Amino acid sequence: MNLERTLVFLKPDALQRRLAGEIISRFEKRGFLIVGMKLIHITEEFARRHYSAHAGKDFFEPLVRYTTCGPCIAMVLEGKNAVKVARSMLGETFGGESPSGTVRGDYSLSNRFNLIHGSDSTQTAEDEIKRFFRSEELVSYSREDIQWIYDTDGAGIV
Ligand code: UDP
Ligand code: MG
């Protein structure tokens, strides 16, 4: 099994702007399997921990306020190279510098209000999945169309 899991969450602006369905749909259409999903209101403590790598930077406090200002939708996506592919679908950090065709490049102009978070490495993904979801909240299942998402005919999933 060479499938990988990554954590993404739709930030409060995505929900307030009613873009959640559109963004989730992109991941579905790409072929990802949604193995975890929930509506959450991130607490200040949780946001500080999640973004601790940015503690002390000038945008840290506004980032914590942004992350906690309304509900988010957290998801675990499963698929081949999930971490890298999902990040590429997000685009660049700054919406205005993000290429068209990406979530941020199609729907964001802001350096902060950029709609979505995605794990940036497989190690981060593992940590973030544990931070957002209890193991019993993740659902393992197979999908009928897997043989049309990948070539499953030979060895592995190609
Ligand atoms: N951010 C910000 N100002 C900046 C850089 C980042 O407000 O100058 C926010 C933005 O919402 C970004 C988050 O902080 O998504 C985390 O920053 P990071 O550099 O990790 O970007 P990401 O991994 O989300 O692309
Ligand atoms: Mg980051």
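Rules and cut-offs
- Residues numbered from 1 in each chain as written.
- Chains lettered and ligands numbered in written order.
- Predicted model: local features only at pLDDT ≥ 70, side-chain atom pairs only at ≥ 80, totals over all residues.
- Heavy atoms only, no water.
- Salt bridge = Lys/Arg side-chain N within 4 Å of Asp/Glu carboxyl O.
- Helix = DSSP H or I, 4+ residues; strand = E, 2+ residues; numbered from the N terminus.
- Buried < 20%, exposed > 50% of the residue type's maximum accessible area, 1.4 Å probe, protein only.
- Polar contact = N/O pair within 3.5 Å; in protein donor to acceptor, adjacent residues only side chain to side chain.
- Core = buried A, V, L, I, M, F, W, Y, C linked by side-chain atoms within 4.5 Å.
- Contact = heavy atoms within 4.5 Å.
- Near = heavy atom within 4 Å.
- Areas by Shrake-Rupley, 256 points an atom, 1.4 Å probe, with all protein chains shown as cover.
- Nonpolar A, V, L, I, M, F, W, Y, C, P; charged D, E, K, R; others polar.
- Pairing = 2+ DSSP bridges.
- Arc of directions from axis to C-beta.
- Axes fitted to C-alpha atoms, helices over the stretch in contact; angles between N-to-C directions.
- Parallel < 35°, antiparallel > 145°, perpendicular 65-115°, else oblique.
- Left-handed = near helix turned anticlockwise from the far one by under 90°.

Trainee: Please explain the pattern of salt bridges as it appears in this structure.
Mentor: Oppositely charged side chains are able to pair whenever their charged atoms sit close together. What the rule picks out here adds up to 11 salt bridges. Taking the shortest distance from any N to any O, the salt bridge between Asp106 and Arg26 comes out at 2.8 Å. In this pair, Asp106 sits in helix 6 (residues 103-107) while Arg26 sits in helix 2 (residues 20-30), placing the two residues 80 residues apart along the sequence. Several salt bridges share partner residues, and in doing so they unite Lys38, Arg134, Glu136 and Glu137 into one network.

Trainee: Can you walk me through the side chain of Arg26 in this structure?
Mentor: Judged by its relative accessible area of 19%, Arg26 falls in the buried class. Side chain to side chain, Arg26 and Glu22 meet in a polar contact 3.0 Å long.

Trainee: Help me understand the nonpolar core in this model?
Mentor: Buried together is how nonpolar side chains tend to be arranged in soluble globular proteins. If you look at the biggest cluster of nonpolar residues, it comprises 22 residues, and the most contacted ones within it are Leu10, Ile23, Phe27, Met75 and Ile116. Every element with two or more residues in this core is listed here: strand 1 (3-10), helix 1 (12-16), helix 2, strand 3 (72-80) and helix 5 (82-90). The element contributing the most residues to this core is helix 5, with 5 residues. Leaving out residues up to four positions away in the same chain, Met75 has contacts with Thr6, Leu7, Val8, Leu10, Ile24, Ile34, Gly36, Met37 and Phe133. By size, the runner-up hydrophobic cluster in this structure holds 20 residues, among which are Leu33, Val35, Ala47 and Tyr66.

Trainee: When you look at the site of ligand 1 in this model, what are you seeing that I'm missing?
Mentor: What surrounds ligand 1 is a group of 13 residues, the closest being His54, Arg87, Thr93, Arg112 and Asn114. Side-chain polar atom of Lys11 to an oxygen atom of ligand 1: 2.9 Å apart, as the coordinates give it. Within the contact set of ligand 1, an oxygen atom lies 2.8 Å away from a side-chain nitrogen or oxygen of His54. About the coverage of ligand 1: the protein hides 84% of its 500 Å² of free accessible area. The class makeup of the residues in the shell around ligand 1 is 5 nonpolar, 4 polar and 4 charged.

Trainee: Would you explain the pairing of strand 1 in this entry?
Mentor: The sheet contact formed by strand 1 and strand 3 spans 8 bridges and is antiparallel. Residue pairing for strand 3: Leu10 is matched across the bridge by Ile73.

Trainee: Explain helix 7 (residues 122-132) here, please?
Mentor: Residue pairs three or four apart in sequence face the same way in an α-helix, which turns once every 3.6 residues. Burial in helix 7 covers these residues: Ala125, Glu128, Ile129 and Phe132. What you see down the axis of helix 7 is that its buried residues fit within an arc of 105°, all on one side. Contact partners of the buried residues in helix 7: strand 1, strand 2 (33-40), helix 3 (44-50), strand 3, helix 5 and strand 4 (116-118).

Trainee: Would you explain the packing of helix 2 against helix 5 in this entry?
Mentor: When two helices pack together, their arrangement is given by the angle between the helix axes and by the axis-to-axis distance. As a packed pair, helix 2 and helix 5 sit with axes 12 Å apart at the nearest point and diverge in direction by 140°. Taken as axis vectors, helix 2 and helix 5 run oblique relative to one another. Classified by chirality, the crossing of helix 5 by helix 2 is right-handed. For the pair helix 2 and helix 5, contact is made by Arg26, Phe27 and Arg30 and by Val85, Ala86, Met89 and Leu90, respectively. A breakdown of the residues in the contact of helix 2 with helix 5 according to their chemical character gives 5 nonpolar, no polar and 2 charged.

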